[in-house]
2 protein chains.
Amino acid sequence: MEGNARKVPLNRNRREQRSEESRARILAAATTIFAEKGPDGARVDEIAKASGINKRMIYAYFGNKEELYAEVLRSNYNKIYALSTKAVDLKRTPKENVTRAVRAYFYFLAENEAFVRLSSWEALNGGRFSRKVLPSFVDLLVLAFDDIVKDGIQRKFIRPNIDIRQVLFSIQALCLTYFNRRELMQPLWQEDLLSGEMLEARLQHILDLITDGIFYHGEAVE
Amino acid sequence: MEGNARKVPLNRNRREQRSEESRARILAAATTIFAEKGPDGARVDEIAKASGINKRMIYAYFGNKEELYAEVLRSNYNKIYALSTKAVDLKRTPKENVTRAVRAYFYFLAENEAFVRLSSWEALNGGRFSRKVLPSFVDLLVLAFDDIVKDGIQRKFIRPNIDIRQVLFSIQALCLTYFNRRELMQPLWQEDLLSGEMLEARLQHILDLITDGIFYHGEAVE
DNA sequence: CTTTAAAGTAACTAATTAGTTACTTTACTC
DNA sequence: GAGTAAAGTAACTAATTAGTTACTTTAAAG
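As a starting point, this report considers the structure included with it. Just so we're clear, the structure is a prediction, and the values are computed from it rather than from any experiment.

**So, the overall build of chain A**
Across its full length, chain A holds eleven helices and zero strands. Split into buried and exposed, the 222 residues of chain A put 49% on the buried side. Expressed as a percentage of contacts within chain A between residues at least 6 apart in sequence, the contacts between residues at least 24 apart total 73%. Entry remark: accessible area of chain A is about 11,900 Å², with carbon and sulfur atoms responsible for 51%.

**Concerning the packing of helix H5 (residues 94-111) of chain B against helix H9 (residues 164-180) of chain B**
Residue and element names in this part refer to chain B. Where H5 contacts H9, the two axes come as close as 9 Å, and the packing angle between them is 25 degrees. Between H5 and H9, the angle falls in the class roughly parallel. In this structure, H5 meets H9 at a crossing whose hand is right-handed. Residues Val102, Tyr105, Phe106, Leu109 and Ala110 of H5 pack against Ile171, Gln172, Cys175, Leu176, Tyr178 and Phe179 of H9. When its residues are assigned to classes, the contact of H5 with H9 shows ten nonpolar, one polar and no charged.

**Overview of the interface of chain B and chain A**
Counting from both sides, the interface comprises 49 residues of chain B and, opposite them, 49 residues of chain A. When the two sides are added together, the surface that chain B and chain A hide from each other amounts to roughly 4,700 Å², 63% of it contributed by carbon and sulfur. The largest contributions to the chain B side of the interface with chain A come from Leu124(B), Phe169(B) and Arg181(B), which together make up 17% of the buried area. At the surface where chain B touches chain A, the tally comes to zero salt bridges. Linking chain B to chain A there are 17 residue pairs in polar contact (both at pLDDT 80 or more). Sorting the residues of the side of chain B that touches chain A by element identifies helix H1 (14-41), helix H6 (113-124), helix H8 (137-154), H9, helix H10 (182-185) and helix H11 (196-214) of chain B as the ones contributing at least two each. In terms of residues, the side of chain B that touches chain A owes the most to one element, H9(B), which gives twelve residues. Classifying every residue of the side of chain B that touches chain A gives 21 nonpolar, 15 polar and 13 charged.

**Side note on the relation of the copies chain B and chain A**
Rotating chain B by 180 degrees and moving it 0.0 Å along the rotation axis overlays it on chain A with an RMSD of 0.0 Å. Overall, the copies show the geometry of a two-fold rotation axis. Among all C-alpha atoms of chain B, that of Ala173(B) lies closest to the rotation axis, at 2.6 Å. Mapped onto chain A, 100% of the interface residues of chain B are again interface residues, and the two copies thus contact each other with one and the same surface.

**What to know about helix H9 (residues 164-180) of chain A**
Residues and elements named next belong to chain A. End to end, H9 covers 23 Å across 17 residues, agreeing with the expected 24 Å (1.5 Å per residue, within 8%). Within H9, 16 of the 17 residues are buried, which leaves it mostly tucked inside the rest of the structure. Near the N-terminus of H9, the side chain that reaches the backbone nitrogen of Arg165, with its oxygen 2.9 Å away, is that of Asp163.

**Here we look at the packing of aromatic side chains**
Under the counting rule described, the total for this entry stands at 19 aromatic pairs over all chains. Judged by centre distance (6.0 Å) and plane angle (85 degrees), the rings of Tyr77(A) and Phe115(A) are edge-to-face. Taken together, the residues Tyr77(A) in helix H4 (residues 65-86) and Phe115(A) in helix H6 (residues 113-124) connect sequence positions 38 residues apart. By relative accessible area, which is 5% here, Tyr77(A) ends up buried. Residue Phe115(A) is classed as buried on the basis of its relative accessible area, which comes to 4%. Ring geometry for Phe169(A) and Trp189(B): centres 5.9 Å apart, planes at 40 degrees, overall tilted. Taken together, the residues Phe169(A) in helix H9 and Trp189(B) in the loop between H10 and H11 connect one chain to another. Assigned by exposure class, Phe169(A) and Trp189(B) land together as buried.

About the criteria used
- Residues numbered from 1 in each chain as written.
- Chains lettered and ligands numbered in written order.
- Predicted model: local features only at pLDDT ≥ 70, side-chain atom pairs only at ≥ 80, totals over all residues.
- Heavy atoms only, no water.
- Helix = DSSP H or I, 4+ residues; strand = E, 2+ residues; numbered from the N terminus.
- Buried < 20%, exposed > 50% of the residue type's maximum accessible area, 1.4 Å probe, protein only.
- Contact = heavy atoms within 4.5 Å.
- Areas by Shrake-Rupley, 256 points an atom, 1.4 Å probe, with all protein chains shown as cover.
- Axes fitted to C-alpha atoms, helices over the stretch in contact; angles between N-to-C directions.
- Parallel < 35°, antiparallel > 145°, perpendicular 65-115°, else oblique.
- Left-handed = near helix turned anticlockwise from the far one by under 90°.
- Nonpolar A, V, L, I, M, F, W, Y, C, P; charged D, E, K, R; others polar.
- Buried area = accessible area lost by both parts, 1.4 Å probe.
- Salt bridge = Lys/Arg side-chain N within 4 Å of Asp/Glu carboxyl O.
- Polar contact = N/O pair within 3.5 Å; in protein donor to acceptor, adjacent residues only side chain to side chain.
- Least-squares fit on C-alpha atoms with pLDDT ≥ 70 in both.
- Expected span 1.5 Å × (residues − 1).
- Phe/Tyr/Trp six-rings, centres within 6.5 Å; stacked < 30°, edge-to-face > 60°.

Listed below in structure tokens is the structure:
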């Protein structure tokens, strides 16, 4: 069947292409709206309107609202999968590795507000959906970091009594909350919290806190 | 009028008492349910049922769903008002003061899950309601802390280049996120994150991070 | 004991919204 | 270019839910 050249369209099936494009547009609109309003506040009709595609097709492509939401989560968690595999530690100093990992995470959040918000809705919903969607993505984050920290401890740069999980929790907290609670904290500042300078200032503060917290002060011991 | 003893009931108006009690029961149920489901997910009928009081009375006492929600927020923010005024710094060392303030905040959150969740819903809703409700409660928190830190800087215990707002943000982040993201992070631990030992362990980790981050290492300088 | 006003109830209304159905358009296949 | 299967549309349905109305019960006051 595949051998028959006449049956294979030169440029891949225009209809198929169109439908893939539609699916993608629905997913993009859904990401924006679910991130903005949360799974409860988001309206299927609004997503249809924003994507410019009829509601009927949302059900054709994704089944129902909940599955669409799950798909949005999946595609967004994939982004951090990609990040955590990329940020793998080379043979730099532990401090450099930690700095690089935190910086990567911080700027990932800065550039992916949808991710920040989606994961926050999830946290409030007890991870109801996340559990179905992701094969324990927290573990991945830990694994990536675990290596850095264990290396650091062996090379006597990092205090051995440190609990990696606590440190991870803290890094997550320090980075996420900046974007998470931005609007509630904005009154304290004059500047836009998302300007380049403010972002760098925040990241620098976080790095100071983290490294001074987990590293011996002064040079490596022994 | 008040002089006529016969007209003044001995035990204060039983009806009035009953209605105050009803109002309180509605507010308590609303707090639980708004905290659990958020302003969008919460159902007025559910609140009525949980409080054991007819829906009609919710509208009689509070006007509508939104005003009830605002009232829930108000009563919960009041708790932290009370906290921030109580935790005022005496003439202890700056490090002791910071430690005490952070500990008070941390255990306040541990004991008030409703507060944690309500403020998280608010953060995701851009503080829509908070702005109406609270006369900038963040400011209060800052003021309480500002004194401690300025004292610390003057007495050369705290680095002068520290940005108090960043530190406040970080303390909030480190404490809140523990309760906030508890369910998503739970997979990393075997123990219950809310047990007495785990709470103390987390608080200790936070204190290490904060104090090592903002204090000179070693003794006070000059 | 009767009047009265507020507390409380149950059943209703109007609006919203997830999901469906019956129909039309488009473009691939022969 | 005729047949067909999928993409797409618009109008509908059923369920939910915020808010209301017309009515009953309770207890304070003369």
